[in-house]
Each structure stands twice: as C-alpha cells, then as structure tokens.
Amino acid sequence: MKKFVWIAGALLLFSLMFPQGLSLPKFPAVPVVPTPAPVVPAGTGDAEIVDLLKSAAPADKARIVDVYTGLRTVLLRDGGKRVTTTEKFADLQANTLQLAIDTPGKYSGLDVAIERVFATAVGTKDVVAVTPDMQKSLVQACDVIIASAR
Amino acid sequence: MADHSEDEVMFSSVFDVVEAYENGFVGAYADPEADAAFRADILAAGGVPDGADACAQFGLAESGAGKLSLPFLEIYSLYPRCLPGGAQGRGDCVSWSTRNAALGTMCCEITSGIPDEVTGRVEGAPDVTETARAYGVLSTEAIYNWRRHGGDGWTCSAAARVLMKESGLWLRKNYPELNLDLTQYSSRNAGIYGAKTPPESWLKVGQDHLVRTATEVRSFEELRDLLHNGYCASSCGSEGFSAQRDAQGVSRRKGSWAHAMAYLGVDDREEVKALYGGQPLVLVQNSWGNWNDGPRRIYKTNIDIPVGSFWALWSDIKNRHTIVFSGVNGWPPKQLKSYGALGNI
C-alpha cells in the first residue's frame, strides 16, 4: 500500500511540474553530419616538447592534446578548401590557441618548440599553398605535438 | 597607323592637358595590326584573348552580377591614397592607363593571398618610399619608352604587349644601374627612348615583373565579372566626359578625347542602375590629377572614389577598346612571421 502512495505522489508531482506533458525537442533520428571520433595515430614525440612538458599538469597536457587533435581534424576535414595557405593555417592556430590557452608562456619555450616542429614540417617561411602534400605535413606536425604531450 | 613622328608635346599644367585633349590632341589611337599582334601574343602565352571565353573557362561568369565591386580598395589597402599618382605631363595617357590597371590587378593578387599559379607562393607587397607611393607606386615612364616612335600617343594593345613581353612593372625607385631615377614621375624620363627602343639593360630590368597575360573585353558582363575578381582594365577610345560629377559621382559624356583611362571598379547594383535608366556604372580612373569636381561618395556607402576618377555609364563607354590584365610575375614571396604558436601557448 505504501508503495502505491509513493507512486501516486510521484505522478501527482510530475503532473504539477509538467501540466502540458513532456515536450522534448525533436532531433533527427541520426546526426545530419556524421562525426566519427578522431583517430590520432600514435606518433613519435618531439624530445624538446616532451622535456618541456615532463612536469606539466595532466590537465594542461590534455588541453594541448585536445587543441592539436582539433587542428588536425579541421585540416583533414577542410581538405584545403578554407585553409588554402600556410598563412591561413597560422591564423587558425593562433586564434585557436588564444581561445584555448589561459596562460600563454606557462611552459617557457613551448611556443618556440612548436614553431620549430611546424617549420620543419612545412620547410619554408614563405607563405605557400596548402596542397595535399602540405596538408599531410601540417597534420604530421600536429601528430608530433600530440604525441609529445601524451 | 597614324603618323606620330617627333611631335612630342609637354604639358605644363593639368589645364594644358585637358585643353589639349579637348582640342583634338591624340593620346590614344586605334591600330588593328597592333590589336591582331596582341591577340596572337596572348594565345602564344597560353592565355585567352576573348574575355567571354576567359570568364567561362575560369568560372567567373556572373560572379559580379548585381554587386558593387571595388578593386581600387585593394590598391588603397596596400598603398593608401596612391591614386591618381600625379598627372601626365605629355601624351602618355596609354602608359598611365596601363599602369593603373596593372597596379589594380597586382594589388588584388597580393591581397587575395592566393598562391602564385606558377611558384605556389603567396606574394607580398613590394616596399616603396612615400614619394613613390604618391606617384602611383609603379612607373609609367618605363612603359612609355617602348612606344616605338618619336612622338606621343600610343595604342592600348601595343602597351599591353610591352607589359607581357618586354617590360613589365617597374617600381617607382632609383635604378642606379641605369642611371635612372623613377621615384617621381617625369615626362622627360617618359621620352628617353622612342623610335629607338630601350637597350638591353632596360630589357633585363623589365623582364623581372612581366604581366602574365591579358584579355580583350567587349561586353559589360565580361568587364563586371573580371573586375569583381580583381582583374583591372585599361581602355582606349574617343569619348570625352564632363569634369563635373553628379550626386552619385557619375560624369556624363561631353566632347571627344583620343584618350586612355583605367577601369578600377564596377557598380551593378539594381538600386544604382534604377537611377540611370538601367545602366550599370564603371569606375574610370583618369590620369590628369585632380582635374574634376563633384561628390566622390559611392551611393549608399561610406566609401569615396579616388581623386581624379568618376563613374561612367556603361552605355557611354561600351565602344572603347578594353584590355584586362591578369597576374604579375615575380614579386618577393610573402613571409610568415609565425606558424601561429609563437606567444600563444
């Protein structure tokens, strides 16, 4: 009997809270844009970045992994349509880091080390087109940074 | 071809220039042979001589329909207030028109950030002094010395051929190796050579920044779509215009000038066309300095057209011989200051 009183009480409370019944937002049965989880290959890290981050907080390392996983995903999904030049990639990386990193300079020399990874991958300071080969190089640079921060 | 032997005319002021053109001075003239040679050179360079074909081939058709397109703003973004760049001091309007059109295309190419189709690099804006900027960044004289006769006047197609084959764009600066200072415009420097072409040393400098190709434009739609995509135009014709702009900056036909002028913008907005009986407008940059008056504000914007320019109705300029320039070779590559991480992590 006591069990029924509880159930009746719960139903009464529900009817008071939602007099019109539940109106759940309607979403499509399947996502419009499939969003597979990014697959980040386990690459070789950069020794200097590994060293700079060896005593870093796990949350900071995770943030770096997230940022560069995001950048590699954007590069791969874009396929050179929007990020058409290395200058546009530089803007993308700068804007992303400015939004994602609360305290730039916390790990002194990390920015220079990451710059070096990209400089090695790209091979020139000239602004050049993000061709399929260049896209691959930029993604590989992201992989190096991700592996270094893991 | 007209006879232009040894009849050099120097102007002492803008009033002289306007008066001379209004009284029949021939700064630009037609030459079917030069036009044919020009088209052959475009084909030989792998270009498309016909503007309509170029628009279709490169997917530009209708891209500027209904829009206000202002490539001159790209010039100003790199070289503020560099137009009109002085005033012509002799009958070298063709070289001024050619220079202004090529400057427009060059700046649009640089500001677009689109990599060079040959090198894959994105080119940066070349540095010039303040004086050079005030005189229009690029030399007109280096072009005019290739006119191949001792007098004044030229054809738009022959000047375009020079830019493509012999003497491209020269920055306004000192060229000590040629004992030639082109930082400021000089009508005398425009006439160092004439019937005798410049020497090998000039040719060597001129080859550094050749214009890649050009195309002839006949319809408004071609011109509109090419200007919308940053390809500016040089035009030769006999149409004269009022020195007084109307409230919208438009000058109507008045008199006759055998003259060359550049096109650096186009207005195909419906509300503007409605003001002029359905006619779209083309922004004409003249080479007579501050020669005209009237409002410069673009309709329903906060943008002013350059000093010395005016809007013309397409119907007033449709018969002019119009040449649009493509990209320019060889400016130094734009350099990255950072890949984006520096100072941000």
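The structure under discussion appears in the preceding block.
These figures come from a predicted structure and were not determined experimentally.

Participant: How do you make sense of the overall build of chain A when you look at a structure like this?
Facilitator: Across its full length, chain A holds six helices and zero strands. Secondary structure of chain A in N-to-C order comes out as α-α-α-α-α-α. Within chain A, the proportion of its 150 residues that are buried is 35%. A fraction of 83% describes how many contacts in chain A between residues 6 or more apart in sequence connect residues 24 or more apart. Working note: accessible area of chain A is about 9,600 Å², and carbon and sulfur atoms make up 65% of it.

Participant: I keep staring at the interface of chain A and chain B and nothing clicks. Help me out?
Facilitator: Reports of interface size often rely on the accessible area that becomes lost once the parts have come together. Each side of the interface is counted separately: chain A has 28 residues, and chain B has 18 residues. Roughly 2,100 Å² is buried in total at the junction of chain A and chain B, and carbon and sulfur atoms are behind 59% of that figure. The three residues of chain A that bury the most area against chain B are Glu115, Lys125 and Val127 of chain A, which together make up 28% of that side's buried surface. At the boundary of chain A with chain B, the tally comes to zero salt bridges. Our count for the chain A to chain B interface comes out at 13 residue pairs in polar contact (both at pLDDT 80 or more). Among the elements of the structure, helix H3 (58-78), helix H4 (86-100) and helix H5 (110-122) of chain A are those that each provide at least two residues to the side of chain A that touches chain B. Split into classes, the residues belonging to the side of chain A that touches chain B amount to 17 nonpolar, six polar and five charged.

Participant: How should the side chain of Ser251 of chain B be read in this particular structure?
Facilitator: Residues and elements named next belong to chain B. Mapped onto the fold, Ser251 is located in the loop between strand E5 (233-241) and strand E6 (253-267). Overall, the relative accessible area of 0% leaves Ser251 in the buried class. Among the polar contacts made by the side chain of Ser251, one reaches the main-chain carbonyl oxygen of Ser242 at a distance of 3.2 Å.

Participant: How should I be thinking about the side chain of Asp225 of chain B in this particular structure?
Facilitator: All names here are of chain B. For Asp225, the location among the structural elements is in helix H10 (residues 220-228). Engagement of the side chain of Asp225 in a polar contact is seen with the backbone nitrogen of Ser63, the distance being 3.4 Å. One polar contact links the side chain of Asp225 to the main-chain amide nitrogen of Gly64, over a distance of 2.9 Å. If we ignore the near neighbours within four places in the chain, the residues touching Asp225 are Cys55, Leu60, Ala61, Glu62, Ser63, Gly64 and Ala65.

Participant: Just checking my understanding: could you explain the state of the cysteines for this structure?
Facilitator: Note on terminology: disulfide describes a covalent bond linking the sulfur atoms of two cysteines. Residue and element names in this part refer to chain B. In total, this model carries one disulfide over all chains according to the counting rule given. Bridging Cys156 to Cys236, the disulfide has an S-S length of 2.0 Å. In this structure the cystine formed by Cys156 and Cys236 twists about its S-S bond by roughly 90°; its chirality is therefore right-handed. One end of the pair, Cys156, is in helix H8 (residues 156-165); the other, Cys236, is in strand E5, with 80 residues separating them in the sequence. By the burial criterion, Cys156 is buried, and Cys236 matches it. No disulfide involves Cys107; its sulfur sits 6.5 Å from the nearest other cysteine sulfur, which is in Cys82.

Participant: Would you mind going over the pairing of E5 of chain B with me for this structure?
Facilitator: When a strand is regular, its side chains alternate between the sheet's two faces. All names here are of chain B. Most of E5 is tucked away: eight of the nine residues are buried. Summarising the sheet, E5 and E6 pair through seven bridges and their orientation is antiparallel. Counted as the bridge partner of Cys236 is Ala260 from E6. Judged from the four bridges that link them, E5 and strand E9 (residues 321-325) form a sheet pairing that is antiparallel.

Participant: Mind showing me how you'd approach the packing of aromatic side chains here?
Facilitator: Two measures describe an aromatic ring pair: the distance that separates the ring centres and the angle between the ring planes. Residue and element names in this part refer to chain B. In this structure the tally under the stated criterion is 20 aromatic pairs over all chains. Aromatic side chains Trp170 and Tyr175 sit 5.1 Å apart centroid to centroid with 55° between the ring planes, which places their arrangement in the tilted category. Of the two residues, Trp170 and Tyr175, neither departs from the other in class, the shared state being buried. Members of the aromatic cluster, each reached through a chain of ring pairs, are Phe11, Tyr21, Phe25, Phe241, Trp257, Trp288, Trp291 and Phe310.

Participant: Would you mind going over the packing of H3 of chain A against helix H6 (residues 132-149) of chain A with me for this structure?
Facilitator: If you want to describe how two helices pack, look at the angle between their axes and the distance between the axes. All names here are of chain A. Across the interface, H3 lies against H6 with an axial gap of 9 Å and an inter-helix angle of 165°. Viewed along their axes, H3 and H6 adopt a mutual orientation that is roughly antiparallel. H6 is crossed by H3, and the crossing has left-handed handedness. Counted together, Lys61, Ile64, Val65, Tyr68, Thr69, Leu71, Arg72, Leu75 and Leu76 of H3 and Gln135, Leu138, Val139, Cys142, Asp143, Ile145, Ile146 and Ala149 of H6 form the full contact between these two elements. For the contact of H3 with H6, the class distribution of residues is 12 nonpolar, two polar and three charged.

Participant: So what exactly am I meant to see when it comes to the environment of Ser55 of chain A here?
Facilitator: Residue and element names in this part refer to chain A. Its place among the elements puts Ser55 in the loop between helix H2 (47-52) and H3. Residue classification places Ser55 among the exposed residues on the basis of a relative accessible area of 69%. Separated by 52 residues in sequence, Ser55 and Tyr107 place their C-alpha atoms 9.7 Å apart.

Participant: Got a minute to help me understand the nonpolar core in this structure?
Facilitator: Judged by nonpolar contacts, the single largest core of 92 residues is most densely connected at Leu103, Met106, Trp154, Trp170 and Leu223 of chain B. Here the element with the most residues in this core is helix H5 (residues 93-112) of chain B; it accounts for eight residues. In this structure, Trp170 of chain B is in contact with Val137, Leu138, Ser139, Ala142, Tyr175, Leu178, Leu180, Leu182, Trp202, Val205 and Gly206 of chain B, ignoring residues within four places of it in sequence. Core analysis: the next-biggest nonpolar cluster, separate from the first, contains 38 residues, Ala90, Val130 and Ile146 of chain A together with Ala341 of chain B among them.

Rules used throughout
- Residues numbered from 1 in each chain as written.
- Chains lettered and ligands numbered in written order.
- Predicted model: local features only at pLDDT ≥ 70, side-chain atom pairs only at ≥ 80, totals over all residues.
- Heavy atoms only, no water.
- Helix = DSSP H or I, 4+ residues; strand = E, 2+ residues; numbered from the N terminus.
- Buried < 20%, exposed > 50% of the residue type's maximum accessible area, 1.4 Å probe, protein only.
- Contact = heavy atoms within 4.5 Å.
- Areas by Shrake-Rupley, 256 points an atom, 1.4 Å probe, with all protein chains shown as cover.
- Buried area = accessible area lost by both parts, 1.4 Å probe.
- Salt bridge = Lys/Arg side-chain N within 4 Å of Asp/Glu carboxyl O.
- Polar contact = N/O pair within 3.5 Å; in protein donor to acceptor, adjacent residues only side chain to side chain.
- Nonpolar A, V, L, I, M, F, W, Y, C, P; charged D, E, K, R; others polar.
- Disulfide = S-S within 2.5 Å.
- Pairing = 2+ DSSP bridges.
- Phe/Tyr/Trp six-rings, centres within 6.5 Å; stacked < 30°, edge-to-face > 60°.
- Axes fitted to C-alpha atoms, helices over the stretch in contact; angles between N-to-C directions.
- Parallel < 35°, antiparallel > 145°, perpendicular 65-115°, else oblique.
- Left-handed = near helix turned anticlockwise from the far one by under 90°.
- Core = buried A, V, L, I, M, F, W, Y, C linked by side-chain atoms within 4.5 Å.

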